[in-house]
Amino acid sequence: MNTLRLSAQDPRTPEIAAGILRRGGLVAVPTETVYGLGADGLNPAAVKRIFLAKGRPGDNPLILHVTGVEQLPQFCHDIPQAAYRLAQAFWPGPLTMVLPANDCVPRETTGGLDTVAIRCPQTPVTREIIRLAGVPVAAPSANLSGKPSTTTAQHVLHDHDGRIDAVVDGGPCAVGVESTIVDLTEDRPRLLRPGGVGPEALLAVLGDLVIDRAVTGLLADGDVVKAPGMKYRHYAPQEPVIIVAGSREKAARYIHAHFQPGDRVLCFAEELPLYAGCAPLAYGLEADPLSLSAGLFAALRDLDDPAVRRVFARCPVGGGVAYAVQNRLNKAAGFHIVDAEAAE
Ligand code: TXA
Ligand code: MG
């Protein structure tokens, strides 16, 4: 199949993309978080094609993308007031809510669950495509399963050229890590995945928030997880990643002491001068956490190279989007973290 390249700037794009979706095809769309691999979320055959293209396990549910909060009652029931407060505060934007699913949502989309994840993306061209398609768009991140998410149309084509109907090129994604997921189906709201909306901002709206275990640590084999996607190895290049925590100076001393040929350093732009001779790659500025989230997955893709032996990574601390960057790096590293302060 020939994968159509559509520009987000071309006024014909939304109708072309919507037509492909209505006919059961696959269109990769830009969002402010990452590119999504979209299909008609109410069409089981179309949804199955997403799983096939990604090589994704069928029990890992998809997010339904909608045009706004007014669509919630079409696809969900028993919607708590908290859902409306969150939508008011963060939609359109990088927030996904898990709610009880209505029967019109196919079990292919929900991975067999009786709940559904819903989000209204910020990117205008994608909201327009959903509106014209007249159906909610099921879209996981547009990477091959197990690879870092795609934050440019080039990444999407790298993984899917010739295997999907079209990609809409909207440029690089501004947030760069996937949306925050909050489960609202239990007594207390639960953070299943950190993202562009930080935990403090959620707490300010909700007044209460449980952080799921899958966010903060390694899961053991057989652990039951709320977000099935959290149990899969994710975001990771093929070689081991080791996070080196601690002050700039102590981390640099540790890395220089352990660096061997073939290793790489993934660091903040401010730290580049400290790693001359260590093949450093900067993914953003420590002083600007959004630049780190925007650059992280492209950097992990660059490092996903058989010639790379190990990656020493520097990780931001703090809340907001830095919390999501930390989560993705922790996952890429399998929570392998060395404290350079204690190592001396
Ligand atoms: O930013 C994003 O969320 C991007 C863009 C394209 O919107 N999408 C995305 O989709 O990251 P995906 O499929 O890569 O990640 C969705 C996560 C998975 O971990 C999945 O297990 C979880 O959401 N999920 C989906 N439906 C769920 C449900 N009903 N209950 C719990 N977790 C769910
Ligand atoms: Mg994904």
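First, a word on what this report is: a plain description of the structure on this page. (Residues numbered from 1 in each chain as written. Chains lettered and ligands numbered in written order. Predicted model: local features only at pLDDT ≥ 70, side-chain atom pairs only at ≥ 80, totals over all residues. Heavy atoms only, no water.)

## Details of the pairing of strand β12 (residues 241–245)
(1) Moving on: β12 sits mainly inside the fold: four of its five residues count as buried.
(2) Moving on: In this sheet, strand β16 (residues 337–339) lies alongside β12 in parallel orientation, the contact comprising three bridges. Residue pairing for β16: Ala245 is matched across the bridge by Asp339. (Buried < 20%, exposed > 50% of the residue type's maximum accessible area, 1.4 Å probe, protein only. Helix = DSSP H or I, 4+ residues; strand = E, 2+ residues; numbered from the N terminus. Pairing = 2+ DSSP bridges.)

## Concerning the state of the cysteines
(1) Moving on: According to the stated counting rule, one finds zero disulfides in the structure shown.
(2) Moving on: Residue Cys104 stays outside any disulfide, its sulfur separated by 8.7 Å from that of Cys76, the closest cysteine.
(3) Moving on: Free of any disulfide, Cys315 has its nearest neighbouring cysteine sulfur in Cys267, separated by 13 Å.
(4) Moving on: With a relative accessible area of 15%, Cys315 lands in the buried category. (Disulfide = S-S within 2.5 Å.)

## Quick word on helix α5 (residues 124–133)
(1) Moving on: Among all positions of α5, only Val125, Thr126, Ile129, Ile130 and Ala133 are buried. Taken end-on, α5 shows its buried residues confined to a sector of 140°, consistent with a single buried face. For α5, the exposed residues lying more than 90 degrees away from the buried face are Pro124 and Arg131.
(2) Moving on: Contacts made by the buried residues of α5 are with α1 (13–22), β2 (27–29), β4 (63–65), β7 (137–138) and β8 (166–169).
(3) Moving on: Looking one or two places after α5, you find Gly134, whose phi comes out positive at around 75°. (Arc of directions from axis to C-beta. Contact = heavy atoms within 4.5 Å.)

## Brief notes about unusual backbone geometry
(1) Moving on: Omega for the peptide link from Trp91 to Pro92 comes to -10°, which places this bond in the cis form.
(2) Moving on: Residue placement: Pro92 occurs in the loop between α4 (81–90) and β5 (95–100).
(3) Moving on: Residue Asp78 is not a glycine yet carries a positive backbone phi of 50°.
(4) Moving on: Structurally, Asp78 is set in the loop between α3 (72–75) and α4.
(5) Moving on: Note on Asp78: relative accessible area 63%, which makes it exposed.

## A word on the pattern of salt bridges
A side chain of one charge can pair with a side chain of the opposite charge if their charged atoms are brought near each other.
(1) Moving on: Scanning the model with the defined rule gives 17 salt bridges in all.
(2) Moving on: The salt bridge involving Arg309 is made with Asp263; its shortest N-O contact spans 2.9 Å. Taken together, the positions of Arg309 in the loop between α10 (289–303) and β15 (311–313) and Asp263 in the loop between α9 (248–258) and β13 (264–267) put the pair 46 residues apart, joining distant regions of the chain.
(3) Moving on: Here Arg309 falls in the partly exposed class, since its relative accessible area comes to 38%.
(4) Moving on: Under the relative-accessibility criterion, Asp263 is labelled buried at 2%.
(5) Moving on: Each member of the salt-bridge network shares a partner with another, and the members are Glu186, Arg190 and Asp212. (Salt bridge = Lys/Arg side-chain N within 4 Å of Asp/Glu carboxyl O.)

Geometry only, nothing functional implied.
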